[in-house]
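Inside the fold
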Amino acid sequence: MRTPRKAATLIAAAAIGIGLTVGGCSSSGGERAEEKPQGGGSGGKAAATPRMKIAMVTHSGEGDTFWDIVQSGAKQAAAKDNVEFLYSANKEGKEQAQLVQAAIDQKVDGIVVTLAKPEAVKDVVAKAVKAGIPVVTINSGAQFSREIGALGHIGQDEKVAGEAVGEELDARGRKKAVCVVHEQGNVSLEERCAGVRKTFGGTVENLNVEGTNMPASTSSIEAKLQADQGIDAIVTLGAPFAAASVKAKEGAGSRAEVDTFDLNAEVVKRLKAQEVGFAVDQQPYLQGYLAVDELWLNKTNGNVVGGGKPVLTGPAIVTAADVPQLEEYTARGTR
C-alpha cells in the first residue's frame, strides 16, 4: 500500500484520532440500525457515559457497498461509546436535507453528514448547529464544513486523491483515460476527475453514467470503449463500477486497464485476478468510526479531533501486492 506524499503527513492525523479510541459490522445502505459489533470489534463493555443518540445522514444511493463499510465503523464506535446509532440516506440533495431535519426533530445529540451536494443541505445543517446539535461532516464537501459550523471533517482530500491517480496512470504508461462519473452534481466526484486531469500527462474525458442503474452504466461504458479504441485506462469513482467496467471492457474487446477509487471485497477479488490495476483506498471504516467517536469525545470530554481541521483517511494506492492483507479485512466488512 502506497500513500501519496502530499497526503502522508495529514493522514497521520487520522492515526492520532484513532489512538484516542478503544477498540465491524455491516448493514444494507439506507437502513436505520443499531447493532452489536461483529468481527473486528473489541467485545468489551460500553462506556459508562450517559446514553447518546447520534444520526448519520449520507448521500448514498441504493446498493452502494461503500456506505456499508462506513456504517460498520460507526456501529463499532457506537457500541463502544454507549451510543444509539441512527442511519438514513438519500442520493437526492433535497431529500437528504429532509432527513437531516428529521434528525433535528428527534433531538439527537449529534449529527454526522455528507456534503456531496452542499447547496441543498448546508442550510439545514447550519440550522442543526444553531440548535446546539454538534455536527461532524464526512467523506465529501470538506471545504464547506467550517462554513456551516461543523466540529470538523473526516475523509480524504479528493483533489489530492485524483492527483495521485493521475501520477499512477503516468507511471503505468497510460495515454488516454475515461473518468466514469456515476452521480452528476456530486462535488467530490468532480474533484476526483479534476485531480486526475491535473497530473496525468495524457488526456482525460469524463463519462456520465446512470449510477443507480448498473446495466445502463455498463452499456454506457461499453459504448464509449467501442467508439474510442484509443482509451487505455478506465477510472471509476466508486468500487461497484469497477466490476461493471471489467464487463464493459470485455464486451467492447478493449485492452484498457480498469482502475478505481474505493475498495470493497469485490475489488480486492479483481485486484487478485489482475482484472483491476489499482484502487484508491480512503478507509471508509475510519470515516464512520472517527465521526461517531469525535461526537462522543466532544460531548463527554470537550475534545475536537484534529483541532477542527480536516482529518484525512486517504488516499492510499493499493494493488495486487496488498491483497493477502486486504482479503481478511474486507471479508469482515472493515475495509
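Here the structure is a predicted model, which is why all the values come from computation and not from measurement.

1. Describing the overall build of the protein chain
Across its full length, the protein chain carries 12 helices and 12 strands. Burial statistics for the protein chain: of 335 residues in total, 56% are counted as buried. Carbon and sulfur atoms provide 49% of the accessible area of the protein chain, an area that totals close to 13,700 Å².

2. Focus on the pairing of strand E4 (residues 135-138)
Burial of E4 is two-sided: the residues Val135 and Thr137 facing one way and the residues Val136 and Ile138 facing the other way are all buried. As judged from the 3 bridges shared by strand E3 (residues 110-113) and E4, these two strands associate in the parallel manner. Residue pairing in the sheet places Val112 in a bridge with Val136 of E4. Handedness of the β-α-β unit built from E3, helix H4 (residues 118-130) and E4 comes out right-handed.

3. Some remarks on the confidence of the model for the protein chain
For the protein chain, per-residue confidence averages 89 on the pLDDT scale, and residues scoring 70 or more make up 88% of the total. Across residues 7-42 the pLDDT falls below 50, and counting only partners more than four positions away or on other chains, this stretch makes 87 contacts in the model.

4. Comments concerning the pattern of salt bridges
Going through the model one piece at a time under the given rule, you end up with 19 salt bridges. Ionic pairing is found between Lys117 and Glu183, a salt bridge with its closest N-O pair at 3.4 Å. Of this pair, Lys117 sits in the loop between E3 and H4 while Glu183 sits in the loop between strand E6 (176-181) and helix H7 (187-199); the two residues are 66 residues apart in sequence, bridging distant segments of the chain. Given the relative accessible area of 13%, Glu183 is considered buried. Among the salt bridges present, the one from Arg192 reaches Glu158, with a minimum N-O distance of 2.8 Å. You can see Arg192 sitting in helix H7 and its partner Glu158 sitting in helix H6 (residues 158-171), a full 34 residues away along the chain. A single burial state applies to Arg192 and to Glu158, both of which are buried.

5. Considerations on the environment of Met52
With respect to the element layout, Met52 can be found in strand E1 (residues 52-58). Through-space distance from the C-alpha of Met52 to that of Glu84 is 6.1 Å; in sequence the pair is 32 residues apart. When neighbours within four sequence positions are excluded, Met52 is seen to be in contact with Asn82, Val83, Glu84, Asp109, Leu295, Trp296 and Lys299.

Parameters and conventions
- Residues numbered from 1 in each chain as written.
- Predicted model: local features only at pLDDT ≥ 70, side-chain atom pairs only at ≥ 80, totals over all residues.
- Heavy atoms only, no water.
- Helix = DSSP H or I, 4+ residues; strand = E, 2+ residues; numbered from the N terminus.
- Buried < 20%, exposed > 50% of the residue type's maximum accessible area, 1.4 Å probe, protein only.
- Areas by Shrake-Rupley, 256 points an atom, 1.4 Å probe, with all protein chains shown as cover.
- Pairing = 2+ DSSP bridges.
- Right-handed = clockwise from strand over helix to strand, strands pointing away.
- pLDDT = per-residue confidence, 0-100.
- Contact = heavy atoms within 4.5 Å.
- Salt bridge = Lys/Arg side-chain N within 4 Å of Asp/Glu carboxyl O.

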